[in-house]
Amino acid sequence: MKPFHAQFQNINGTDTYPLDQVIYRSTVDGSLLEVRHDREALASRSPAEWKKLFAERRMSFKPADMSGIWSKREMVLPEIPEEDIVTLQEGWNPLFDASALAKELGMNKLYVKLCGNSHTGSFKDLGMTVLVSQVNHMIKKGAAIDAVACASTGDTSAALSAFCAKAGIPSIVFLPAGKTSIAQLIQPISNGSIVLALDTDFDGCMQIVQQVTADNRIYLANSMNSLRVEGQKTISPEICQQLGWHVPDTIIIPGGNLGNVSALAKGFDDCLAMGLIDKKPRIIVAQAENANPFYQAYQRGFDKLIPVKAKKTLASAIQIGNPVSYPKAERAIKNYNGMVLSVSEQELADAAHRADRTGLYCCPHTGVALGALTKLRSENKIAPDEEVVVISTAHGLKFTEFKVAYHENTLEGISSKFANPIFKAPAEIGPVMDILKKEMANRRR
Ligand SMILES: *Cc1c(COP(=O)(O)O)cnc(C)c1O
């Protein structure tokens, strides 16, 4: 059997580099790199054998097997020794059966993939385990890496700091001052990162981190580092596995820097190449109206990316005006018969809190994806019998300010259609029963 193998390759496939090299862009054409697997080696196992192996690992208590990412390690980083893996048992995220919400939207099958049900509360854990494991491996082999750094709208830094703290590797995070939630800010502080709040936006932090990491002793953890994509792409086989290796018709994902949609497409590419699935889903990206350069490019037929100054949005993790993974995301939309939608602040806030009424607990970014779904259903651009999976990117608990303000109806410019106000009453049975009788009748579904 051919040994499993992977290397970095540029987007045009003209130059390659070993995964142990500290490199993020092609030295030939400057394009972002991707991890390319030896597909012949992967094909030496039949689809049935892979599915059996993945099912067996689901029942195993071995550290690598308990991670959704590393349980598919041959597709991720096939050559890393298991003892170098840094895992927080990420992945295996619930596929929430959202049939109550589906019914409200006039459709039959809707799932929400809860990628934020994870150690640091966002899908960034899925990719960060791969990046930090590879850095850990390189340091153990003697590489001169002093620290790992990232620019972040909040969730990347939380993930980086947790994995680095576990591995004992110093981490550095650059955040746009005052633009993250309290939960996002306190995570890297607690995990001991060097935290710098810069007086700029995400795009400004990104420029600084690229300068800081230029000499290679500080390793860059942003999504232009394609190692993270390898972890995030396991969302795709995991959804299929959870559905009994059946492919949903449509997937809706919120996009900012566009690394995650690239990862989703790459996951399906790899599944197709391995014969694990035999059809493609449609991939739809949802952006916030206040930061929608990808949507605008899509509207112009993908002529080119014209960076915008991202305006403030409740979906703070996607307040990005110059998405680094644009070329990969364009390819994803083209290869997966995709679409890009833009959602207003009102739409995202209502969509998130409407979904909460059915047992979810949505962050604003998940609200963006659900807002897109609501729109597509009302225009019948998603058919009633289409099977849809919405990617939820963070846990609602990270965005308490958003949720409290929504229910208090104090979000600027937004009237909260699904607010659930607290009832104030004296501690007397009469007035209490009056409220209960009225409200219980209102809530029957
Ligand atoms: C990072 C992030 C996104 C956007 O992902 P990209 O890969 O940048 O498109 C969406 N939602 C949340 C909660 C995030 O943390």
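Residues numbered from 1 in each chain as written. Predicted model: local features only at pLDDT ≥ 70, side-chain atom pairs only at ≥ 80, totals over all residues. Heavy atoms only, no water.

Sorry if this is basic, but what is going on with the overall build of the protein here?
If you tally the helices and strands in the protein, you get 17 helices and 13 strands. Relative to the compact-globule value of 22 Å for 445 residues, the protein shows a C-alpha radius of gyration of 22 Å, a close match. The principal-axis extents of the C-alpha atoms in the protein amount to approximately 75 × 50 × 50 Å. Here the protein holds 445 residues, and 59% of them are scored as buried. For the protein, long-range pairs separated by at least 24 residues make up 70% of all intrachain contacts whose partners lie at least 6 apart in sequence. For the protein, the accessible surface area stands at approximately 18,000 Å², while carbon and sulfur atoms represent 53% of it. Distance between charge centres in the protein, computed from 49 positive and 47 negative side chains, equals 3 Å. (Helix = DSSP H or I, 4+ residues; strand = E, 2+ residues; numbered from the N terminus. Rg over C-alpha atoms; globule rule 2.2 N^0.38 Å. Buried < 20%, exposed > 50% of the residue type's maximum accessible area, 1.4 Å probe, protein only. Contact = heavy atoms within 4.5 Å. Areas by Shrake-Rupley, 256 points an atom, 1.4 Å probe, with all protein chains shown as cover. Lys, Arg positive; Asp, Glu negative; His and termini not counted. Charge placed at Lys NZ, Arg CZ, Asp CG, Glu CD.)

Before we go on, may I ask you to explain the pattern of salt bridges in this structure?
Think of it this way: side chains of opposite charge can pair up when their charged atoms draw near. Per the counting criterion, the structure on display carries 31 salt bridges. The shortest N-O distance in the salt bridge between Lys-2 and Glu-40 comes to 3.7 Å. Of the two residues, Lys-2 is situated in the segment before strand 1 (6–10) and Glu-40 in helix 1 (residues 39–42); the sequence distance between them amounts to 38 residues. Look at Lys-2 and you get partly exposed, because its relative accessible area is 37%. We classify Glu-40 as exposed; its relative accessible area is 60%. Linked through salt bridges whose partners overlap, the residues forming this network are Arg-45, Arg-57, Lys-62, Asp-65, Arg-73, Glu-74 and Glu-82. (Salt bridge = Lys/Arg side-chain N within 4 Å of Asp/Glu carboxyl O.)

Looking at this structure, I do not really get the site of the ligand. What am I missing?
Taken together, 14 residues sit near the ligand, with Lys-124, Asp-155, Gly-256, Asn-260 and Thr-393 positioned nearest. The side chain of Asp-155 places a nitrogen or oxygen atom 2.6 Å from an oxygen atom of the ligand. One nitrogen or oxygen atom from the main chain of Gly-259 is found 3.1 Å from an oxygen atom belonging to the ligand. Among the residues forming the shell around the ligand, the class breakdown is 5 nonpolar, 7 polar and 2 charged. (Near = heavy atom within 4 Å. Polar contact = N/O pair within 3.5 Å; in protein donor to acceptor, adjacent residues only side chain to side chain. Nonpolar A, V, L, I, M, F, W, Y, C, P; charged D, E, K, R; others polar.)

How do you make sense of the packing of aromatic side chains when you look at a structure like this?
Summed over all chains, the structure comprises 9 aromatic pairs. Taking the centre distance of 5.8 Å and the plane angle of 70 degrees together, the rings of Tyr-24 and Tyr-219 count as edge-to-face. Note that Tyr-24 is positioned in the loop between strand 2 (16–17) and strand 3 (33–37) and Tyr-219 in strand 9 (residues 218–220), a separation of 195 residues in sequence. Across the pair, Tyr-219 and Tyr-24 agree in class, each one buried. For the pair Phe-294 and Tyr-326, a centre-to-centre distance of 5.8 Å together with 85 degrees between the ring planes defines the contact as edge-to-face. In this pair, Phe-294 sits in helix 12 (residues 293–299) while Tyr-326 sits in helix 13 (residues 326–335), placing the two residues 32 residues apart along the sequence. The exposure class of Tyr-326 is buried, given its relative accessible area of 6%. Taken together, the aromatic side chains of Phe-4, Trp-50, Phe-54 and Trp-245 make up a single cluster linked through ring pairs. (Phe/Tyr/Trp six-rings, centres within 6.5 Å; stacked < 30°, edge-to-face > 60°.)

Honestly, unusual backbone geometry in this entry has me stumped. Any pointers?
Only a minority of non-glycine residues have a phi that is not negative, and only a minority of peptide bonds are not trans. At Trp-245, a residue that is not glycine, the phi angle is positive and equals roughly 55 degrees. Considering the arrangement of structural elements, one finds Trp-245 in the loop between helix 10 (235–242) and strand 10 (250–254). Of note, Asn-337 is a non-glycine position whose phi angle comes to about 50 degrees, a positive value. Inspection of the secondary structure puts Asn-337 in the loop between helix 13 and strand 12 (339–343).

How should the pairing of strand 8 (residues 194–198) be read in this particular structure?
A regular strand places its side chains on the two faces of the sheet in alternate fashion. Alignment of strand 7 (residues 171–176) against strand 8, held across 5 bridges, turns out to be parallel. Its bridge partner being in strand 8, Ile-172 is matched across the sheet by Ile-194. You can see the chain leave strand 7, run along helix 7 (residues 182–190) and come back into strand 8, and the turn it takes is right-handed. (Pairing = 2+ DSSP bridges. Right-handed = clockwise from strand over helix to strand, strands pointing away.)

Got a minute to help me understand the side chain of Asp-356 in this structure?
For Asp-356, the location among the structural elements is in helix 14 (residues 345–356). Relative accessible area serves as the criterion here: at 17%, Asp-356 is assigned to the buried category. Among all residues touching Asp-356, those that are not within four sequence positions of it are Tyr-361, Cys-362 and Lys-403.

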